[in-house]
Amino acid sequence: MKSPLAIALMLFCMAAPVTDNAAQEAGIDEILTRAETQRVTMNYACSISELSPVRIRGRLVVQGDCYYAEGYGMRIYCNGGTRWTVDPDNREVYVEDAGGIAEVLLYRDSVTNLKLSDIEYSEPSDPAVFRFDVSALDSTWVITDLRGL
């Protein structure tokens, strides 16, 4: 499954909009480096070329190889090894094996018109925000477990 939000997640590795490629790469490196030892939280807005003319905006939290993102009406939780894509409106959850932060880098070239705001760096904290507990859902939810397929 290729969720629009999963594609948008890669934006954490990009710098705030700049025209100079060297400056952009420096910003990418700073965010990636700091995410290894800190929690990075930001708001984003971007377009995804594969979804034109859809504009996605939301919030992203990255810590180590884990991330949490919300936007496009969806939420994605990734603890580095498992990814839960949650669609609250349709009461669906997709559970998949994940490649951590590396998987979202694959979509880097699809993001355009990126705007980052409210970027915060903080000490790492409880990793529970990067997991989703499907056992707390009632029977009206559809849970599709794609791990190991």
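Everything numeric in this text was worked out from a predicted model, so none of it was measured.

Now for the pairing of strand E6 (residues 92-97). Pairing between strand E5 (residues 82-87) and E6: six bridges, direction antiparallel. Its bridge partner lying in E6, threonine 82 is registered against aspartate 97. Turn length for the E5-E6 hairpin, with the two strands adjacent in sequence and antiparallel, is four residues, and the turn residue arginine 91 shows positive phi of about 55°. Two elements, E6 and strand E8 (residues 142-145), share four bridges in a ladder whose sense is parallel. Note on E8: the bridge partner recorded for glutamate 92 is valine 142.

Per-chain confidence: the protein chain averages 76 in pLDDT, with 68% of residues scoring 70 or above. The secondary-structure element of the protein chain with the lowest mean pLDDT is helix H1 (residues 4-8), recorded at 41, while E8 shows the highest, at 96. In the model, residues 1-26 has pLDDT below 50 throughout and makes 79 contacts with residues more than four positions away in sequence or in other chains.

This part covers the pattern of salt bridges. Where side chains of opposite charge bring their charged atoms close, a pairing between them can arise. What the rule picks out here adds up to three salt bridges. A salt bridge links arginine 91 to aspartate 138; the shortest N-O distance between them is 3.4 Å. Of this pair, arginine 91 sits in the loop between E5 and E6 while aspartate 138 sits in the loop between strand E7 (111-122) and E8, and the two are 47 residues apart along the sequence. The class of aspartate 138 is partly exposed, set by a relative accessible area of 42%. Linking arginine 147 and aspartate 145 is a salt bridge whose minimum nitrogen-to-oxygen distance equals 2.5 Å. Using a relative accessible area of 39% as the deciding quantity, one classes aspartate 145 as partly exposed.

Moving on, we come to the side chain of threonine 82. Looking at where threonine 82 falls in the secondary structure, it is placed in strand E5. When its relative accessible area of 13% is taken as the criterion, threonine 82 is described as buried.

Turning next to the nonpolar core. Judged by nonpolar contacts, the single largest core of 15 residues is most densely connected at Met42, Tyr44, Leu60, Val62, Tyr67 and Leu116. Breaking this core down by element, the ones donating at least two residues are helix H2 (21-37), strand E1 (39-48), strand E2 (55-63), strand E3 (66-71) and strand E4 (74-78). If one sorts the elements of this core by residue count, E1 sits on top with four residues.

Thresholds applied
- In this numbering scheme, every chain counts its residues from 1 along its sequence in written order.
- Local features in this predicted model are restricted to residues of pLDDT 70 or higher, and side-chain atom pairs are both shown and tallied only at a pLDDT of 80 or more, whereas totals for entire chains, interfaces and linings draw on every residue.
- Remark: hydrogens and water are excluded; side-chain values derive from all non-hydrogen atoms of the structure.
- Pairing between strands is defined by DSSP: at least two bridges between them are needed.
- Helix and strand assignments come from DSSP, with helices taken as H or I runs of at least 4 residues and strands as E runs of at least 2, each series counted from the N terminus.
- Along the chain, pLDDT gives the predictor's confidence residue by residue, from 0 to 100.
- Residue contacts are defined here by distance: any two heavy atoms, one from each residue, within 4.5 Å place the two residues in contact.
- Definition used for salt bridges: Asp or Glu carboxyl oxygen within 4 Å of a side-chain nitrogen of Lys or Arg.
- Only protein chains enter the calculation, and the probe is 1.4 Å; a residue is then buried if its accessible area is under 20% of its type maximum, exposed if over 50%, and partly exposed in between.
- Among buried residues, the Ala, Val, Leu, Ile, Met, Phe, Trp, Tyr and Cys ones that are joined through side-chain atoms within 4.5 Å form a nonpolar core.

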